[in-house]
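A structural walkthrough
Okay, here's what each chain looks like letter by letter:
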Amino acid sequence: MAKAVVVLAEGFEEVEAITVIDVLRRGGVEVVAASLDGANQVTGAHGVKVTADSSFKAAAQSECDALVLPGGGTGTENLRRSHELAERLRSQKESGRLVCAICAAPTVLVDAGVLDPEQHVTCYPSCVMDLDRPSANVPVVADGNVITGQAPGSSLLFALVILKALVGDKAAEKVARGMVTDVL
């Protein structure tokens, strides 16, 4: 069974995190919602409290097939300050496993030195300058083992693209049909 870790930092964008967790679980992926600071509950950008399955420190002890970073202004800043997360992102990328970030969170990938010089990404429009590279103005970009999403409105497509990379086209299409969406 494929495994994904969704890293929750205080101030994360709720729709981006919850959509990924939900879609991946619907597709049969084991998902760990991991609290970056180890707290049992993590509060999102709009006051929604989410109970974490694990601390990031504990979740980082084992391998996962996808490491997913939701955005959100404050959440992204908290992600950017974590040296432990940066190290894990680098090892995840180097091992060929998926590194996924949406909204402002692709800037965390830049800070961690995870992106190759020519790697294509997308992000929230106001974060383009922080990427220090051209950014596609599209909802989702999959380039190698890096998947990036643009904004909260891209969350469903972002989650389905991750699911497709983890379990294949047919399983992702089945989840999309069950959700009555044609975004894939």
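These remarks concern the structure in this document. (Residues numbered from 1 in each chain as written. Predicted model: local features only at pLDDT ≥ 70, side-chain atom pairs only at ≥ 80, totals over all residues. Heavy atoms only, no water.)

1. Observations regarding the pattern of salt bridges
- Across all of its chains, the model carries seven salt bridges by this definition.
- Ionic pairing is found between Arg26 and Asp22, a salt bridge with its closest N-O pair at 2.6 Å. Residue Arg26 and its partner Asp22 are both found in helix α1 (residues 14–26); the two are separated by four residues, about one turn of the helix.
- Between Lys164 and Asp169 there is a salt bridge, with its nearest N and O atoms 3.8 Å apart.
- Residue Lys164 is classed as partly exposed on the basis of its relative accessible area, which comes to 35%.
- What emerges from the salt-bridge pattern is a single network uniting Glu77, Arg80 and Asp111. (Salt bridge = Lys/Arg side-chain N within 4 Å of Asp/Glu carboxyl O. Helix = DSSP H or I, 4+ residues; strand = E, 2+ residues; numbered from the N terminus. Buried < 20%, exposed > 50% of the residue type's maximum accessible area, 1.4 Å probe, protein only.)

2. Quick notes on the sheet that holds strand β2 (residues 30–35)
- In spatial order, the strands read β5-β2-β1-β6-β7-β9-β8; together these seven strands make up an open sheet with mixed pairing. This sheet does not close on itself; its edge strands, each paired only once, are β5 (54–55) and β8 (140–143).
- Judged from the six bridges that link them, strand β1 (residues 3–8) and β2 form a sheet pairing that is parallel. Paired with Val7 across the bridge in β2 is Ala34.
- On the sheet, α1 packs against β1, β2, β6 (66–69) and β7 (98–102) and is oriented at approximately 165° with respect to β1.
- Those strands touched by helix α7 (residues 155–167) are β6, β7, β8 and β9 (146–149), and its axis lies near 175° from that of β7. (Pairing = 2+ DSSP bridges. Contact = heavy atoms within 4.5 Å. Axes fitted to C-alpha atoms, helices over the stretch in contact; angles between N-to-C directions.)

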